[in-house]
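Chain by chain, the residues:
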Number of protein chains: 2
Amino acid sequence: MSNNQFKRGELYSVINGMATTAVARRLQKNFRNAGLEITIEQWSVLYHLWKEDGLSQLELGNRTFRDKASTTRLIDNLEKQELVTRVASKDDRRINLVYLTDTAKPLQQITYELANKTMNEALQNISKDEIEVVKNVLQRVYDNLTNKDLV
Amino acid sequence: MSNNQFKRGELYSVINGMATTAVARRLQKNFRNAGLEITIEQWSVLYHLWKEDGLSQLELGNRTFRDKASTTRLIDNLEKQELVTRVASKDDRRINLVYLTDTAKPLQQITYELANKTMNEALQNISKDEIEVVKNVLQRVYDNLTNKDLV
DNA sequence: TTATATTAGTTGCATAACTAACTATATGTC
DNA sequence: GACATATAGTTAGTTATGCAACTAATATAA
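Residues numbered from 1 in each chain as written. Chains lettered and ligands numbered in written order. Predicted model: local features only at pLDDT ≥ 70, side-chain atom pairs only at ≥ 80, totals over all residues. Heavy atoms only, no water.

**Quick look at the protein's contact with DNA strand D**
Consideration 1: Around DNA strand D, a shell composed of 26 residues is seen, among which Thr-39, Arg-66 and Asn-77 of chain A together with Arg-25 and Leu-58 of chain B lie nearest.
Consideration 2: In DNA strand D, the atoms that sit within 4 Å of the protein are 66% sugar and phosphate, with bases accounting for the remainder.
Consideration 3: A distance of 2.7 Å separates a phosphate oxygen of DNA strand D from a polar backbone atom of Leu-58 of chain B.
Consideration 4: A distance of 3.1 Å is found between a phosphate oxygen of DNA strand D and a side-chain nitrogen or oxygen belonging to Arg-86 of chain B.
Consideration 5: Breaking the surface near DNA strand D down by element, the ones donating at least two residues are helix H3 (40-51) and helix H5 (68-80) of chain A together with helix H2 (18-33), helix H4 (57-63) and helix H5 (68-80) of chain B.
Consideration 6: If you tally residues by element for the surface near DNA strand D, the top one is H5 of chain A, at 5 residues.
Consideration 7: Of the residues in the surface near DNA strand D, the class split is 5 nonpolar, 8 polar and 13 charged. (Near = heavy atom within 4 Å. Polar contact = N/O pair within 3.5 Å; in protein donor to acceptor, adjacent residues only side chain to side chain. Helix = DSSP H or I, 4+ residues; strand = E, 2+ residues; numbered from the N terminus. Nonpolar A, V, L, I, M, F, W, Y, C, P; charged D, E, K, R; others polar.)

**As for the pattern of salt bridges**
All names here are of chain B.
Consideration 1: Scanning the model with the defined rule gives 16 salt bridges over all chains in all.
Consideration 2: Linking Arg-86 and Asp-76 is a salt bridge whose minimum nitrogen-to-oxygen distance equals 2.2 Å. Separated by 10 residues along the polypeptide, Arg-86 in strand E2 (residues 84-88) and Asp-76 in helix H5 bring together distant segments of the chain.
Consideration 3: Salt-bridge contacts for Arg-94 lead to Asp-92; the nearest nitrogen and oxygen are separated by 2.7 Å. (Salt bridge = Lys/Arg side-chain N within 4 Å of Asp/Glu carboxyl O.)

**Points about the protein's contact with DNA strand C**
Consideration 1: Taken together, 26 residues lie around DNA strand C, and Arg-25 and Arg-73 of chain A together with Thr-39, Asp-67 and Asn-77 of chain B are the ones closest in.
Consideration 2: Take the atoms of DNA strand C that sit within 4 Å of the protein: sugar and phosphate atoms are 65% of them.
Consideration 3: Residue Ser-70 of chain B places a side-chain N or O atom 3.0 Å away from a phosphate oxygen belonging to DNA strand C.
Consideration 4: Considering every element that reaches the surface near DNA strand C, the biggest residue donor is H5 of chain B, with 5 residues.

**A look at the environment of Glu-59 of chain A**
Residue and element names in this part refer to chain A.
Consideration 1: Here Glu-59 lies in helix H4 (residues 57-64).
Consideration 2: Look at Glu-59 and you get partly exposed, because its relative accessible area is 27%.
Consideration 3: Expressed as a C-alpha distance, the spacing of Glu-59 and Leu-97, which sit 38 residues apart in the sequence, is 9.5 Å. (Buried < 20%, exposed > 50% of the residue type's maximum accessible area, 1.4 Å probe, protein only.)

**Focus: the environment of Gln-42 of chain B**
All names here are of chain B.
Consideration 1: By the secondary structure assignment, Gln-42 is in helix H3 (residues 40-51).
Consideration 2: For Gln-42, a relative accessible area of 6% corresponds to the buried category.
Consideration 3: For the pair Gln-42 and Leu-74, spaced 32 residues apart in the sequence, the C-alpha separation amounts to 6.5 Å.
Consideration 4: With residues up to four places along the chain from it excluded, the contact list for Gln-42 reads Glu-37, Leu-74, Asn-77, Leu-78 and Gln-81.
Consideration 5: Engagement of the side chain of Gln-42 in a polar contact is seen with the side chain of Gln-81, the distance being 3.1 Å. (Contact = heavy atoms within 4.5 Å.)

**Observations concerning the sheet that holds strand E1 (residues 55-56) of chain B**
Two pairing modes exist for strands in a sheet, parallel and antiparallel, and in both the strands are linked by backbone hydrogen bonds.
All names here are of chain B.
Consideration 1: Read across the sheet, 3 strands follow the order E1-E3-E2 without closing on themselves; strand pairing throughout is antiparallel. Each edge of the open sheet is held by one strand with a lone partner, namely E1 and E2.
Consideration 2: Looking at chain direction, E2 and strand E3 (residues 96-100) are connected through 5 bridges and run antiparallel. When the sheet's bridge partners are listed, Ala-88 is paired in E3 with Asn-96.
Consideration 3: Here H3 sits on the sheet in contact with E1, E2 and E3, set at roughly 90° to E3. (Pairing = 2+ DSSP bridges. Axes fitted to C-alpha atoms, helices over the stretch in contact; angles between N-to-C directions.)

**Topic: the nonpolar core**
Consideration 1: Counting residues in hydrophobic clusters, the biggest one holds 28 residues, and the most contacted among them are Leu-123 and Val-141 of chain A together with Leu-123 and Val-141 of chain B.
Consideration 2: Every element with two or more residues in this core is listed here: helix H2 (18-33), helix H6 (107-122) and helix H7 (128-146) of chain A together with H2, helix H6 (107-122) and helix H7 (128-146) of chain B.
Consideration 3: In contact with Val-141 of chain B, not counting residues within four places along its chain, are Ala-19, Val-23, Ala-122, Leu-123 and Ile-126 of chain A. (Core = buried A, V, L, I, M, F, W, Y, C linked by side-chain atoms within 4.5 Å.)

**Some remarks on the confidence of the model for chain A**
Consideration 1: Per-residue confidence for chain A gives a mean pLDDT of 86; residues scoring 70 or more make up 86%.
Consideration 2: A low-confidence stretch, residues 1-9 of chain A (pLDDT under 50), is modelled with 24 contacts involving residues beyond four sequence positions or located in other chains. (pLDDT = per-residue confidence, 0-100.)

**Some details on the environment of Thr-103 of chain B**
All names here are of chain B.
Consideration 1: Among the secondary structure elements, Thr-103 is positioned in the loop between E3 and H6.
Consideration 2: Distance in space between the C-alpha atoms of Thr-103 and Val-84 is 8.4 Å, their sequence separation being 19 residues.
Consideration 3: Engagement of the side chain of Thr-103 in a polar contact is seen with the backbone oxygen of Glu-82, the distance being 3.5 Å.

Spelled out as structure tokens, the structure:
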């Protein structure tokens, strides 16, 4: 019997990601309570642009784990809210580089604070060691399912 | 400084749930490759009905971590595919009890097997102890954010 | 240099999520 | 019994997801 055999009844709770969902919902709520009109999905894109502005849509999709269709529409919505602009690359005109606008810049500080607050709420009474194990395991799960595409 | 302070750059990967997403996508793919036409969201509802048939929509929503509007539409779609039927409760006619049809019953075995297969793919080289820590931490994260609704 | 293949992004279609407002049934209080 | 309140479920509106088919631009190969 494999080392990783689950009792069937336990499977769903592992797959379900209820904790992830709960964190996302709480962060969204904290955004809303602070009067921020952005979704956490939009924020996930802004987050990567604050780290490195002017990424291509494809690269943004990779970093936020989305396919290109989802990325297209997320950026459509961000553009509608005037938080980013698309600029065709001069080297390769197939590529759209995505840049933050001045409207987006002041959101960085407040959303970082709200994300920190949310994580503190989520991680009450959970030790640093436990968090490290979780991060490590989830990374390995991700790698198990994506590095080799054997299906 | 709090015990749970994160370096900012690490925040997103924790919130994002990329591992959860990857597992869900792989399970969906495994369903599709086996010729099953159901979504994992639909499967999550069937999963609970196989454990206990005839639950109310609200109870199904609780067990699958959905609000009632989402539950309504999920069951609409399951009904369209003739996998479940709604039966008004005789005791309280506001309540819809949801029952599996004969069409749904043969799906149980094959989807359990595919879920097991998916979890084995996901959890390669991850020890039982690590899995226990992850499950325990995620449960506590969930509890931290839901037991007391202090926002 | 022309034909073919690849790549980045968009669009159509279907499912699903959440909020808020709504309907219908039950319950509680006077 | 009548009126207010609570509860279960539905509907409308918006955003997001994924797949597949498409366009436009670039790269490769003959």
